[in-house]
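Notes for the structure review
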Amino acid sequence: MESSWATTNAATDAGRWFARRLAAESLARGDATGWFEMLYAAAEQGVVTVPWAGLAPSPRLVSALAGLPLGGRAVVVGCGLGDDAEHVASLGLTTLAFDVSPTAIAEARRRFPHSAVEYVAADLLSPPRSWAGAFDLVIEVFTLQVLTGATRRAAFARLAQLVAPGGRLLVIAKARDEDEWPGMMPWPLTRIEIESFHKYGLTKESIADVIDDDDDGPVRRWRAWFAAPPAA
Ligand SMILES: C[S@@+](CC[C@H](N)C(=O)[O-])C[C@H]1O[C@@H](n2cnc3c(N)ncnc32)[C@H](O)[C@@H]1O
């Protein structure tokens, strides 16, 4: 039933604070990602709302992919409840989508029982070996920004490793200036961070600094495209 995951502005605010507390407690225990499953599990029981679960594809992702010649194999990283992955599959790409939270993956499968998307519970930080260089299009929407410290740096490297020779990576994330306080989770990315994909062998195609009108008001974001070199 969709309604247990649907949200209002007040419920989103409560969910955000709940998520921040879970994140702080998890990080204090030295567990960078354990809080995601705890949050989805609490939401499944109706205790709280997942603050980012809009139950629709991200408008910024939809506009970034509109009109592009797309084909081959795509992966949607940190796919949550599956809306972005369903959109990507609807564009004709063979789509795999994964999330570190098994509850989120179970819910995505339940919401889209006839989906063409392959939903998998997996950790970006330790992906299956067979995924290395396997995807023509790698899509990351709002996952880097909920990771921090060494985990976040490792996530950049792992994302780059998923891209096939000649393939592309699309990143959509909150943006901030280098000297701006990152604030509370989600922690926006700086330009230096977003540009760091070059350290992992990717070439920058474009980095747009955009303003999105969200329910909470205007939000500054990066929409960045990177490419892997073609096979030798
Ligand atoms: C802010 S949410 C965004 C979800 C979805 N992309 C969206 O835009 O609605 C970040 C997602 O990344 C997942 N995630 C966090 N760390 C991850 C990791 N190491 N591997 C895979 N998924 C991860 C979380 O469980 C969560 O679903």
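The structure under discussion appears in the preceding block.
Each residue is numbered by its place in its chain's sequence as written, counting from 1. Local features in this predicted model are restricted to residues whose pLDDT is 70 or higher, and side-chain atom pairs enter the listing and the counts only when it is 80 or higher, whereas totals over whole chains, interfaces and linings include all residues. Side-chain calculation: all heavy atoms of the structure are included, whereas hydrogens and water are not.

1. Digging into the nonpolar core
Among soluble globular proteins, nonpolar side chains are generally buried collectively. Each nonpolar core is a collection of buried residues, namely Ala, Val, Leu, Ile, Met, Phe, Trp, Tyr and Cys, held together in the definition by side-chain atoms within 4.5 Å. Each residue is assigned to one of three classes by its accessible area relative to the maximum for its type, calculated with a 1.4 Å probe on protein chains only: buried under 20%, partly exposed between the two thresholds, exposed over 50%. The biggest cluster of nonpolar side chains holds 51 residues, and the ones touching the most others in it are Trp35, Phe98, Val138, Leu162 and Phe197. In this text, helices come from DSSP runs of H or I with a minimum length of four residues, and strands from runs of E with a minimum of two, each type numbered from the N-terminal end. Going through the elements one at a time, α1 (9-28), α2 (34-44), β1 (73-77), β2 (94-99), β4 (135-141), α6 (149-162), β5 (163-174) and β7 (217-227) are the ones with two or more residues in this core. Of the residues forming this core, the biggest block, six residues, is contributed by α2. Should any heavy atoms of two residues lie within 4.5 Å, those residues are considered in contact. When neighbours within four sequence positions are excluded, Trp35 is seen to be in contact with Ala19, Leu22, Ala23, Ser26, Trp52, Val146 and Met185. One finds Leu61, Ala74, Val117 and Leu170 within the second-largest nonpolar core, a separate group that totals 21 residues.

2. Here's the deal with the pairing of β1
With four of five residues buried, β1 lies mostly within the body of the structure. We call two strands paired when DSSP finds no fewer than two bridges between them. Examined bridge by bridge, β1 and β2 share five bridges and lie parallel to one another. Looking at the pairing, Val75 lines up with Leu96 of β2. With strands facing away from the observer, any crossover in which the path from the first strand over the helix to the second runs clockwise is taken as right-handed. Crossover handedness for the path β1 to helix α4 (residues 83-90) to β2: right-handed. Across four bridges, the pairing between β1 and β4 is parallel.

3. Section: a nonpolar patch on the surface
The patches described consist of residues with a relative accessible area above 30% and no salt bridge, like charges being joined within 9 Å and nonpolar side chains (Val, Leu, Ile, Met, Phe, Trp, Tyr) within 5 Å. Using the Shrake-Rupley algorithm and a 1.4 Å probe, accessible areas are obtained, with residue cover drawn only from the displayed protein chains. What counts as a salt bridge is simple: a side-chain nitrogen of Lys or Arg found within 4 Å of a carboxyl oxygen of Asp or Glu. Taken together, the side chains of Trp17, Trp181 and Met184 present a nonpolar region at the surface, about 430 Å² in accessible area. Within the fold, Met184 resides in the loop between β5 and α7 (191-195). You can call Met184 partly exposed: its relative accessible area is 42%.

4. Considering α6
Expected span, for any helix, means 1.5 Å times one less than how many residues it has. Helix length check: α6, at 14 residues, gives a terminal C-alpha distance of 21 Å against a target of 20 Å (1.5 Å per residue), a fit within 8%. Burial in α6 covers these residues: Thr151, Arg152, Ala155, Phe156, Ala157, Leu159, Ala160 and Leu162. The inward-facing, buried residues of α6 contact β1, β2, β4, β5 and α7.

5. Some remarks on the layout of surface pockets
A probe matching the size of a water molecule, rolled over the atoms, marks out where space remains unfilled. Residues are said to line a cavity or pocket when one of their atoms sits within 4 Å of a point; the points come from a 1 Å grid over protein atoms alone, cavities being sets where a 1.4 Å probe fits but cannot get out and pockets being open sets with protein on both sides within 12 Å along at least five of seven lines. Grid points are joined across faces, edges and corners, and a volume is the space filled by probe spheres set on the points. Here the second largest pocket is characterised by a volume of approximately 210 Å³. Taken together, Leu147, Thr148, Gly149, Arg152, Arg153, Phe156, Pro182, Trp187, Glu193, Ser196, Lys199 and Tyr200 make up the lining of the second largest pocket. Examining the composition of the lining of the second largest pocket, we find that four residues originate from one element, α6, more than from any other. Only Asp, Glu, Lys and Arg are considered charged, only Ala, Val, Leu, Ile, Met, Phe, Trp, Tyr, Cys and Pro nonpolar, and every remaining residue, Gly among them, polar. Residue composition of the lining of the second largest pocket, by class: five nonpolar, three polar and four charged.

6. As for the site of the ligand
Any residue with at least one heavy atom within 4 Å of a molecule or strand is counted as near it. Inspection of the region around the ligand gives 19 residues, with Tyr40, Gly78, Asp99, Asp123 and Leu124 positioned closest. Under the rule applied, a polar contact is a pair of N or O atoms within 3.5 Å (in protein, one hydrogen donor and one hydrogen acceptor; residues adjacent in sequence only if both atoms are side-chain atoms). In this structure, a nitrogen atom belonging to the ligand sits 2.7 Å away from a side-chain N or O atom of Asp123. With respect to the ligand, the backbone of Leu124 contributes an N or O atom lying 2.8 Å from a nitrogen atom. If the ligand stood free it would expose 590 Å²; the protein chains cover 95% of that surface. At the level of elements, α2 and β2 are the ones that each hand at least two residues to the shell around the ligand. Across the shell around the ligand, the residue classes tally to 12 nonpolar, four polar and three charged.

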